[in-house]
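# An overview of the molecular structure
Spelled out from the first residue to the last, the chains are:
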Amino acid sequence: YGAGATGWLAAALSGTTAPATVTLTPTLGTLAAGSYTATVPVTSSATGVTNSPQSITVTFTVSAAPPTIVLTPTSRTFTATVGGSSPAAQTVAVTNSGGGTLDGLAIGTITYGAGATGWLAAGLSGTTAPATVTLTPTLGTLAAGSYTATVPVTSSASGVTNSPQSITVTFTVSAAPPTIVLTPTSRTFTA
């Protein structure tokens with residue numbers, strides 16, 4: 001084996017008489033990105049063979065894993081009551097489970113389910129992972145019901161194969177509880 005690692009190559013000979021085939025099987029295992037070399041000698045003990053051993057040179061190139069977007073968690077749920085306050089913002093972590101640098105992060109166009117649009121804002125803490133997406137719903141004049149949105153997180157990093165990844169957001173708005181209303185709130189009697 002050349003520099004870097006050993007034990008990553010298995011060689012098997014199909015027979016002891018020519019013609020025969022040498023089968024080479026590399027094993028990735030825990031090899032880091034890089035280029036590895038090995039030399040496999042093929043020998044013969046036959047009488048009169050003058051060029052034994054002969055060698056097969058093997059090169060195994062291991063590429064770095066591409067950057068990969070990971071969202072934790074992939075969904076968020078908010079609740080509010082009609083006429084009440086908007087719920088507090090929630091966050092989603094954006095990390096890289098692959099190799100290299102996961103940069104060029106951005107929030108794509110939010111898509112909304114049936115019912116209402118524009119009730120959700122999404123912001124990104126930075127353009128390179130690790131980063132945080134902050135989701136902020138606004139109750140406004142939403143009626144009681146369940147609303148959904150999908151927030152895409154994209155990356156323009158070289159080699160990223162899983163862009164975009166999406167966050168599913170559910171916003172449940174409950175009807176205001178019944179309240180007692182007295183009109184007027186006072187009466188005066190005289191006798």
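These lines cover the structure that appears in this document, whether it is placed above or below. (Residues numbered from 1 in each chain as written. Predicted model: local features only at pLDDT ≥ 70, side-chain atom pairs only at ≥ 80, totals over all residues. Heavy atoms only, no water.)

### Side note on the overall build of the protein
The helix and strand tally for the protein stands at zero helices and 13 strands. Counting from the amino terminus, helix and strand elements in the protein follow one another as β-β-β-β-β-β-β-β-β-β-β-β-β. Compactness check: the protein gives a C-alpha radius of gyration of 33 Å against a globular reference of 16 Å for 191 residues, more than 25% above the reference. Taken across its 191 residues, the protein has 24% of its residues classed as buried. Across the protein, every contact between residues at least 6 apart in sequence was considered, and the portion connecting residues at least 24 apart equals 64%. Within the structure as shown, the protein displays about 11600 Å² of accessible surface, and the carbon and sulfur contribution to it stands at 55%. (Helix = DSSP H or I, 4+ residues; strand = E, 2+ residues; numbered from the N terminus. Rg over C-alpha atoms; globule rule 2.2 N^0.38 Å. Buried < 20%, exposed > 50% of the residue type's maximum accessible area, 1.4 Å probe, protein only. Contact = heavy atoms within 4.5 Å. Areas by Shrake-Rupley, 256 points an atom, 1.4 Å probe, with all protein chains shown as cover.)

### A short note on the packing of aromatic side chains
Within this structure, the stated rule accounts for five aromatic pairs. With a centroid separation of 6.5 Å and 80 degrees between ring planes, the pair formed by F78 and F171 is classed as edge-to-face. Within this pair, whereas F78 is found in strand β6 (residues 75-81), its partner F171 is found in strand β13 (residues 165-174), the two being separated by 93 residues in sequence. On the basis of relative accessibility, which here comes to 1%, the residue F78 falls in the buried class. Since its relative accessible area comes to 0%, F171 is described here as buried. (Phe/Tyr/Trp six-rings, centres within 6.5 Å; stacked < 30°, edge-to-face > 60°.)

### Observations regarding the sheet that holds strand β7 (residues 90-96)
An order of β5-β7-β11-β10 is seen for the four strands of this open sheet, with the pairing classed as antiparallel. Since the sheet does not close on itself, it has two edges, and those belong to β5 (69-72) and β10 (120-124), each with one partner. Strand-to-strand twist in this sheet, taken as the mean axis angle between neighbours without regard to direction, amounts to 25 degrees. (Pairing = 2+ DSSP bridges. Axes fitted to C-alpha atoms, helices over the stretch in contact; angles between N-to-C directions.)

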